[in-house]
Amino acid sequence: MFQFIQDQAGLHQVLTEMDQSSIYALDTEFIKVDTLWPKLGVFQINVNGKVYLLDGTTLDLSEFFKRIFTAQQNIFHACSEDIDLIYHYTQQKSLCNVFDTQVGMAFLGHGLQVSYQNALKQVLEVDIEKDQTRSDWLARPLSDKQLLYAANDVHYLVKLGDQIQHDLQQKHLLDFVLQDCRFMTTEIGQETPTALLYQDVGNYRHSRRQLMQLQQLAVWREQIAKALNIPRSFILKNSTMIDLVEKNPKNLFQLSNVKDIRSSVVRDHGKTILDLLKFLPDQAEWPLRLARPIRHSSREIGEKIDAIIQQVVNETTVPKEVLMRKKWLNALYQHVVFHNDEQNLPEFLLGWRYDILTKPLVALLHQDESYLSRQMKVLD
């Protein structure tokens, strides 16, 4: 049913098989418990109906990765962590040939996060066990149960992908899904510039001084996490950083009472953290306050927004939660109020949604611009 490949000669056989096909079903098993970067245990592939489990602890997979990037299509289910792993191991961030069956299922009305197990049950009427999810995929030897679990993750994936793509084609939605998969893999590859990491932690309630403190803490945490390859939360959780700037401790005793801070961090890095909170650049260099999320239009415009979204839902059959996410709608509000460049909108709003949804919503929000701007002043 499958082969577990642990040497380069066996991998060469897989590469030859890949050269005879250009569509692969893929999955990964990895460990990311105490590291910043994932450690690959097994890379599964179904190619030409044959399932191979590639040992990520022993193999040089550089040629394998090259074929993934040049494939006609790579089929995954819930691919975000798999893509992140591929980007880390290859140091390339442009995998644009992905079909994610979870995304396809969402367009067909099965919800945004249907599991692989439920997808197989609903689409193919196949039941598989999912009892090895938390296995140690770096330990050797792997058990028969682990190997079977890993093989099942791609054994049915080609057939699942074919059926979902067929159903999407029937509804004229396949091109939309493939675009969204491209936007998703692009988004996964986008790293927040180090100097702006504080924006993922702070919010509109924080003063400019607090944002400057968060910026310094976030840059320092990122440097330590990457240098030691440990999760950011092992150094400081986001909630801990917020408590730090809100309590502004002046000594190690006060620091030790900050929310969820580890005693080892206080011992090893306490003085550095206190210095980062205390010694700040000139006020002119402090970040500007963050804009408060704008979630409400005037009642009349709000009803019209809902009507436009519902009309597109009716015309396309794309479920509302797939068509427009809250964060995208807020990006549209910010775009109108702050007169931002259209190219700064999320890519999802610039693709197939642009003409049928984004443009009409932007035009409508411009009618409400004075109301939205007043709301911003009230909130400030």
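Being a predicted model, the structure only gives us computed values, none of them experimental.

A.B. asks: Looking at this structure, how should I read the packing of helix H16 (residues 326-337) against helix H17 (residues 353-367)?
C.D. replies: Pairs of packed helices are described in terms of their axes, by the angle between the two and the distance that separates them. Across the interface, H16 lies against H17 with an axial gap of 10 Å and an inter-helix angle of 50°. The orientation of H16 relative to H17 falls into the category oblique. As for the relative orientation of H16 and H17, their crossing is right-handed in sense. Residues Trp328, Leu332, Tyr333, His335 and Val336 of H16 form the contact with H17, whose own contacting residues are Arg353, Thr358, Leu361, Val362, Leu365 and His366. Of the residues that constitute the contact of H16 with H17, the class distribution is seven nonpolar, three polar and one charged.

A.B. asks: I'm lost on the pairing of strand E3 (residues 39-47) in this one. Help?
C.D. replies: For a regular strand, side chains alternate in direction, first toward one face of the sheet and then toward the other. Of all nine residues making up E3, eight are buried, and the element is well covered by its neighbours. Relative to E3, strand E2 (residues 23-31) is paired through seven bridges, and the arrangement is antiparallel. Along E3, the bridge assignment pairs alanine 25 with asparagine 46. Summarising the sheet, E3 and strand E4 (residues 50-55) pair through six bridges and their orientation is antiparallel. By the bridge assignment for E4, valine 42 is matched with aspartate 55. The antiparallel pairing of E3 with E4 creates a hairpin that spans two residues between the two strands, and asparagine 48 there sits at a positive phi of about 55°.

A.B. asks: Even after reading the chapter, I still don't get the packing of aromatic side chains, so can you show me in this structure?
C.D. replies: In this structure the tally under the stated criterion is nine aromatic pairs. Their ring planes at 70° and their centres at 5.9 Å tell us that phenylalanine 43 and phenylalanine 65 sit as a pair that is edge-to-face. One end of the pair, phenylalanine 43, is in strand E3; the other, phenylalanine 65, is in helix H2 (residues 62-70), and 22 residues separate them in sequence. The exposure class assigned to phenylalanine 65 is buried, which follows from its relative accessible area of 6%. On the numbers, 6.0 Å between centres and 55° between planes, the contact of phenylalanine 107 with tryptophan 352 is tilted.

A.B. asks: Can you walk me through the side chain of glutamate 222 in this structure?
C.D. replies: Note that glutamate 222 resides in helix H9 (residues 208-228). The class of glutamate 222 is buried, set by a relative accessible area of 7%. The residues touching glutamate 222, leaving out its near neighbours within four places in the chain, are Leu197 and Arg232.

A.B. asks: How should I be thinking about the pairing of strand E5 (residues 73-76) in this particular structure?
C.D. replies: Here E5 shows no split at all, with Gln73 and Ile75 on one side and Asn74 and Phe76 on the other all buried. Both E2 and E5 contribute to a ladder of three bridges, which runs parallel. Each residue of the ladder has a partner; that of tyrosine 24, found in E5, is asparagine 74. Across three bridges, E5 lies against strand E6 (residues 98-100) in parallel orientation. Along E6, the bridge assignment pairs phenylalanine 76 with aspartate 100.

A.B. asks: What exactly am I supposed to notice about helix H7 (residues 157-170) here?
C.D. replies: Residues lying three or four places apart along an α-helix face the same way, a consequence of the helix completing one turn every 3.6 residues. Taking 1.5 Å of rise per residue, 14 residues should cover 20 Å, and H7 covers 20 Å from first to last C-alpha, within 8% of that figure. Just downstream of H7, histidine 172 is the residue with a positive phi angle, here 60°.

A.B. asks: Quick question: what am I supposed to make of the pattern of salt bridges here?
C.D. replies: A side chain of one charge can pair with a side chain of the opposite charge if their charged atoms are brought near each other. Taken as a whole, this structure holds 16 salt bridges when the rule is applied. Across the pair arginine 67 and aspartate 19 runs a salt bridge, and its minimum N-O distance is 2.9 Å. Of this pair, arginine 67 sits in helix H2 while aspartate 19 sits in helix H1 (residues 8-19); the two residues are 48 residues apart in sequence, bridging distant segments of the chain. Overall, arginine 67 belongs to the buried group, its relative accessible area being 17%. Aspartate 19 gets classed as exposed once you look at its relative accessible area, which sits at 52%.

About the thresholds
- Residues numbered from 1 in each chain as written.
- Predicted model: local features only at pLDDT ≥ 70, side-chain atom pairs only at ≥ 80, totals over all residues.
- Heavy atoms only, no water.
- Axes fitted to C-alpha atoms, helices over the stretch in contact; angles between N-to-C directions.
- Helix = DSSP H or I, 4+ residues; strand = E, 2+ residues; numbered from the N terminus.
- Parallel < 35°, antiparallel > 145°, perpendicular 65-115°, else oblique.
- Left-handed = near helix turned anticlockwise from the far one by under 90°.
- Contact = heavy atoms within 4.5 Å.
- Nonpolar A, V, L, I, M, F, W, Y, C, P; charged D, E, K, R; others polar.
- Buried < 20%, exposed > 50% of the residue type's maximum accessible area, 1.4 Å probe, protein only.
- Pairing = 2+ DSSP bridges.
- Phe/Tyr/Trp six-rings, centres within 6.5 Å; stacked < 30°, edge-to-face > 60°.
- Expected span 1.5 Å × (residues − 1).
- Salt bridge = Lys/Arg side-chain N within 4 Å of Asp/Glu carboxyl O.

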